[in-house]
Amino acid sequence: PEKGPPPELRLPEQKHFTLSNGLAVRLVEYRRLPIVAVNLVADAGGARDPAARPGLASLTAAMLTEGTRTRSATRISDEAGFLGASLSASAGLDHASVGGAVLAKHLPAYLELFADVTLNPAFPKADFERVQDERLVVLLQQRDQPQAVASKAFAPVFWGAHPYGHFLIGTEESVKAMRPKDLAAFHARHWRPGSAELVVVGDVSEAELRPLLEDTLGRWKAGARTAPLPPAPPA
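For clarity, every value in this text was computed on a predicted model and none was experimentally measured.

Turning next to the side chain of Asp 49. Considering the arrangement of structural elements, one finds Asp 49 in the loop between strand E3 (35-42) and helix H1 (56-62). In this structure, Asp 49 is buried with no salt-bridge partner, the nearest side chain bearing the opposite charge being Arg 189 at 8.3 Å. Of note is the side chain of Asp 49, whose polar atom sits 3.3 Å from the backbone nitrogen of Leu 56. The contact partners of Asp 49, leaving out residues within four places of it in the chain, are Pro 54, Gly 55, Leu 56, Ala 57, His 166, Leu 168 and Phe 186.

Right under this line is the structure:
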């Protein structure tokens, strides 16, 4: 049979606004289900790792849900479970993110928890040591995984001295050397509202969402934008 016409891409309408502290917000109002998905993307990925601390961005993101100044890791998990919500944090090379979803009726309480995790991580020593040990076990296991070994060898050969030229989760030596104060300093330097964007999709309007965000993520202290990465070297 002859091929038909190409499918038409129809993106949903997006509304853009900025909070008083400079955080950009992108909203897609979607009313079919009473659910709201929230995803904060920050310029705090592995490309921001210091040369002597590969894996710092990844470990910092992993620790965001492990305790804040007022909530323990257990309390964070219990509150998310009580709301029937999901909440997680991770980092890639280009960005780090905090995201999850919740029933629309619980959005105010969820955003309070979401903002606390994003703004006020405490990097408690006991939880840090547990996550650090888990990371070291993963790195040890990867010694016997050909694909992981190849990836670690490929990055510095292809990228050279560029910030992409290291393995995202670091090395055994760098992870062992990290301390909670290193994570706190990285978070203070790179997790900034002016270098982040919040994407919200679901059963909420701009009029409903904006005041909720100002009362939660709007408390995030504004700071200078993160400097751009150096240009990638020519192939």
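According to the stated counting rule, one finds 17 salt bridges in the structure shown. Across the pair Arg 219 and Glu 112 runs a salt bridge, and its minimum N-O distance is 3.0 Å. Here Glu 112 lies in helix H3 (residues 107-119) and Arg 219 lies in the segment after helix H8 (206-215), a separation of 107 residues in the sequence. In this structure, the salt-bridge partner of Glu 134 is Arg 130, at a minimum N-O distance of 3.8 Å. Residue Glu 134 and its partner Arg 130 are located together in helix H4 (residues 125-141), separated by 4 residues, close to a single helical turn. Of the residues examined, Glu 134 reaches a relative accessible area of 45% and is grouped as partly exposed.

Conventions used here
- Residues numbered from 1 in each chain as written.
- Predicted model: local features only at pLDDT ≥ 70, side-chain atom pairs only at ≥ 80, totals over all residues.
- Heavy atoms only, no water.
- Helix = DSSP H or I, 4+ residues; strand = E, 2+ residues; numbered from the N terminus.
- Buried < 20%, exposed > 50% of the residue type's maximum accessible area, 1.4 Å probe, protein only.
- Lys, Arg positive; Asp, Glu negative; His and termini not counted.
- Salt bridge = Lys/Arg side-chain N within 4 Å of Asp/Glu carboxyl O.
- Polar contact = N/O pair within 3.5 Å; in protein donor to acceptor, adjacent residues only side chain to side chain.
- Contact = heavy atoms within 4.5 Å.

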